[in-house]
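Structural characterization, general
One letter stands for each residue in the lines below.
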Amino acid sequence: MEPERRMDSDGRYYTKQEFVDCYGDEVKWEGCPPETRAAAAEKRIDPADGNAYTQTQFAACYGGTAHWEKAKEEHRRDPADGKAYTHSDFVVQYKGEYEWDHAKPVGDYSSLGASAPAQPKADDKKEAAASATPPPSSGRKSTTPPRTDEKKADTKPRSNLPGRKEERKVDAPMNVGSSGGGSSLPGRKTERKPNTVVVPPPELLEKLREKHASALSTPEKSPAASLKNSPRSVSPKPKPPLSASDTAAAALHAHTPPRAAGLSETPNLAASQMYSLAPTILKDSDGRAAVNVVVVGHVDAGKSTLMGHLLVDLEVIGHRLLHKYEKESKAIGKASFHYAWVLDETEEERERGVTMDVATQYFCTATKRVTLLDAPGHSAFVGNCVNGASQADAAVVVLCATPGEFETGLERGQTREHIYILRGAGVKHLIVAVNKIDAVSYAEERFLELQKKLGEFLWATGFKKENVAWVPVSGLAGDNLVKPSSNMAWWTSKNTLLDCINNLPDIPRYPKAPLRMSIGDVNKGSVGGRIETGTVETGCKVVILPSNQVATVKTVERNQCNVREATSGDNVELHLQNIDQQHLYIGCSVSLPDEFRAKLCTTFEAQVLVVSDSTFITKSLKFVLYVQSAHVDAAVTRMLPHNGKTSRMLTVGKTGIVQITASRPICVEVAAEFRGFGRIVMRSGGATLALGSVTKVYPIDPKGD
């Protein structure tokens, strides 16, 4: 006898032990409604052999519930009119399951689409008599009203079904959804119509659950026994017979969806034939690999001027346009800002001389197709900096060689904060560009001093020496950008900024994984961002979370060119249709509307490293949580054991596991599965408190039920 199951808030049924594993006690179990006999016995038709099976049996055979969701419901023949109806039809029409239990299952589903019913068979007449007059031993009065216009049963020859050993004659196409038509019958509340399935309202289903709660004691046929006696075969490639342990595991997975598990999708994702988490190195037809590079650094370090000059030297920006910027910048008294205007495009940014939003440009090197992201350096726009870092594979950290400027940025400026943000976003590869080297007469001593001071901080933060490249440059004069400078004879490596970008390693991608994309930019009818995993193509359906709205991808734009599809690592703009603009905003997540869609949660567990020496992590601490491009108010709700110990507080340099609760639902994944969606940054009061990776999530229903 199978253990009792009860319905949780996600609408699925679980055993008592599964409730305890999820919530830690039996309180939730006591307050949940039990599984009704109807829910446990629901069957659907497998097109491989035309027979009806429960959800457990589908999962045991196919290793998941995808085939169950696509299968059609089981039909049984009503002796009142000889037609086939679903379980929901019987419950609604007769307000009970007695007639369904005594109705004859439909063995031939090809006959459901027949237009003219034939003469009823003798066993159909016996079933009608049995349904009209139940046996006295049942102790239950019949709810079936007298029949006055009973119709004939359908006896059309059955069609050949795939996966069957015996040969059948083809007479009519299979059409399970058809109910065969028919006029209104006595005792029925509604008239039967072709291709119409009556779905009971939620209120009626709730009454049925209470009415048939006692039916839980009725044992259901075990999945193993059903599979053993069934002539089923999986099309197109048959599977070997399942062992008892495999069958039990598959049955458990059918009743245990990814909920409150540490690796929330590991069982289903590993068994899926559609997706894979195996990394792949992707290159274009010309041999170039895509890489997204974000430029960060303290305010006034010369980031926009440096990268603008690089784009001009690469002829991405024409000299005619540069001459226009030079004239306009002189007119407002900012003659040295003409290179910065290549990236600072808004009027407010040019008037203030400060980058406020993430600017995007594209260029190619010998081996790379680069998406350049220029992030703001001012502390007032740190949220946009996090947004840019979440889309990056590598970063250019720009330092100012002017005396006092570097020290200010590292000790109490944004250089320290930006490096923390890069580490929290999972960026591993850095290019440290010591800018304005011409302001110190190209002095090697100043370059080595900055290299030593920042290097100590980088190694303490967790960056590896082999993943960090150093280069002295001058953004305004153009030294060491594309060609080696003659002003720095001591720079024997002769590496330029372009060489450092070209030498970045190829980043592993995950094109066969489920789609994950965080929206970092929103325009009218379109969204932009980097595809973390998976592939998106023109015409496909996508779901936008947390609003749970489905949209259609009208066009895919990559590097300002329309493409048929884009994959993991590409920075794209998706033009969407069939969705309201109010559901699109920075911080939303894009995924495919299948069983592997992104999970929403408000509570999760994370392993964090404290980096702030002015604040410690303890229960009830409130902060701003950053995940990809989303940021939301959150709080620490529990301090959890780590390495066998539970700390009441975490100070600078300490690592621990905490439970975090956000003020609204956001898309968070386990870092072991989706690295980009599993990295978090905790900030408060303009400073970074801690960095972390998600270890366990508690998904919620996106509909809020």
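Refer to the structure above for everything that follows.
Rules behind the numbers
- Residues numbered from 1 in each chain as written.
- Predicted model: local features only at pLDDT ≥ 70, side-chain atom pairs only at ≥ 80, totals over all residues.
- Heavy atoms only, no water.
- 1 Å grid on protein atoms, 1.4 Å probe; cavity = no way out; pocket = protein on both sides within 12 Å on 5 of 7 lines; lining within 4 Å.
- Points joined across faces, edges and corners; volume = space filled by probe spheres on them.
- Helix = DSSP H or I, 4+ residues; strand = E, 2+ residues; numbered from the N terminus.
- Nonpolar A, V, L, I, M, F, W, Y, C, P; charged D, E, K, R; others polar.
- Axes fitted to C-alpha atoms, helices over the stretch in contact; angles between N-to-C directions.
- Left-handed = near helix turned anticlockwise from the far one by under 90°.
- Contact = heavy atoms within 4.5 Å.
- Pairing = 2+ DSSP bridges.
- Expected span 1.5 Å × (residues − 1).
- Buried < 20%, exposed > 50% of the residue type's maximum accessible area, 1.4 Å probe, protein only.
- Arc of directions from axis to C-beta.
- Phe/Tyr/Trp six-rings, centres within 6.5 Å; stacked < 30°, edge-to-face > 60°.
- Lys NZ or Arg CZ within 6 Å of the ring centre and 35° of its normal.

Tallying each qualifying case throughout the model produces four cavities of 30 Å³ or more. Its boundaries defined by the atoms lining it, the largest cavity holds a volume of some 90 Å³. Lining the largest cavity are 16 residues, with Gly587, Cys588, Ala630, Ile666 and Cys667 positioned closest to its centre. Examining the composition of the lining of the largest cavity, we find that four residues originate from one element, strand β30 (residues 655-667), more than from any other. Considering only residue class, the lining of the largest cavity consists of 11 nonpolar, four polar and one charged.

It is at 11 Å that the axes of helix α18 (residues 414-425) and helix α19 (residues 444-461) come closest, and there the two elements cross at 30 degrees. In the crossing of α18 with α19, the sense of the turn from one axis to the other is right-handed. Here Thr415, Arg416, Ile419, Tyr420 and Arg423 of α18 come into contact with α19, specifically with Leu454, Phe457, Leu458 and Thr461. Taken together, the residues of the contact of α18 with α19 break down into five nonpolar, two polar and two charged.

Our next topic: unusual backbone geometry. Omega for the bond connecting Leu545 with Pro546 falls within 30 degrees of zero, at 15 degrees, which places this linkage in the cis form. On the secondary structure map, Pro546 appears in the loop between β19 (541-545) and β20 (549-558). In this model, Tyr442 sits at a positive phi of 55 degrees, which is unusual for a non-glycine residue.

Spatially, the six strands line up as an open sheet ordered β10-β11-β9-β12-β13-β14, and their pairing is mixed. For this open sheet the edge positions go to β10 (359-364) and β14 (468-472), each flanked by a neighbour on one side alone. Ignoring which end each strand starts from, the neighbouring axes of this sheet average 25 degrees apart. Note that strand β9 (residues 289-297) and strand β11 (residues 368-374) share seven bridges and pair parallel. Looking across to β11, one finds that Val295 is bridged to Asp374. Along the sheet, α18 makes contact with β9, β12 (394-400) and β13 (429-435), crossing β9 at roughly 150 degrees.

Here the focus is helix α14 (residues 319-331). Compared with an ideal rise of 1.5 Å per residue, which puts 13 residues at 18 Å, α14 spans 18 Å between its outermost C-alpha atoms and is within 8% of the ideal. All of the buried residues in α14 are Leu322, Tyr325 and Ser329. Angular distribution of buried residues about the axis of α14 spans 55 degrees; they occupy a single face of the element. Seen from the open side of α14, the exposed residues pointing more than 90 degrees away from its buried face are Arg320, Lys327, Lys330 and Ala331. In this fold, the buried residues of α14 make contact with α13 (303-313) and α15 (347-352). Just downstream of α14, Gly333 is the residue with a positive phi angle, here 80 degrees.

Where strand β27 (residues 622-627) meets strand β28 (residues 630-640), six bridges bridge the pair, whose relative direction is antiparallel. By the bridge assignment for β28, Tyr626 is matched with His631. Taking the residues between adjacent antiparallel strands as the criterion, β27 and β28 are bridged by two residues, where Gln628 takes a positive phi near 55 degrees. Pairing of β27 with strand β31 (residues 679-684), which is carried by four bridges, proceeds in the antiparallel orientation.

Okay, the sheet that holds strand β6 (residues 75-77) next. Pairing is antiparallel across the open sheet formed by three strands, whose spatial order is β7-β6-β8. This sheet does not close on itself; its edge strands, each paired only once, are β7 (84-86) and β8 (104-105).

Our focus in this paragraph is the packing of aromatic side chains. Taken as a whole and assessed by the stated rule, the structure comprises six aromatic pairs. Ring geometry for Trp490 against Trp491: centres 6.2 Å apart, planes inclined by 80 degrees, an arrangement best described as edge-to-face. Trp491 matches Trp490 in its accessibility class, with the two residues each being buried. Linked through ring pairs, Phe447, Trp490 and Trp491 together constitute an aromatic cluster. Its end group placed over the ring of Phe337, Lys334 keeps NZ or CZ at 5.2 Å from the ring centre. A cation over an aromatic ring shows up here: Arg516 above the ring of Phe674, its NZ or CZ 4.3 Å from the ring centre.

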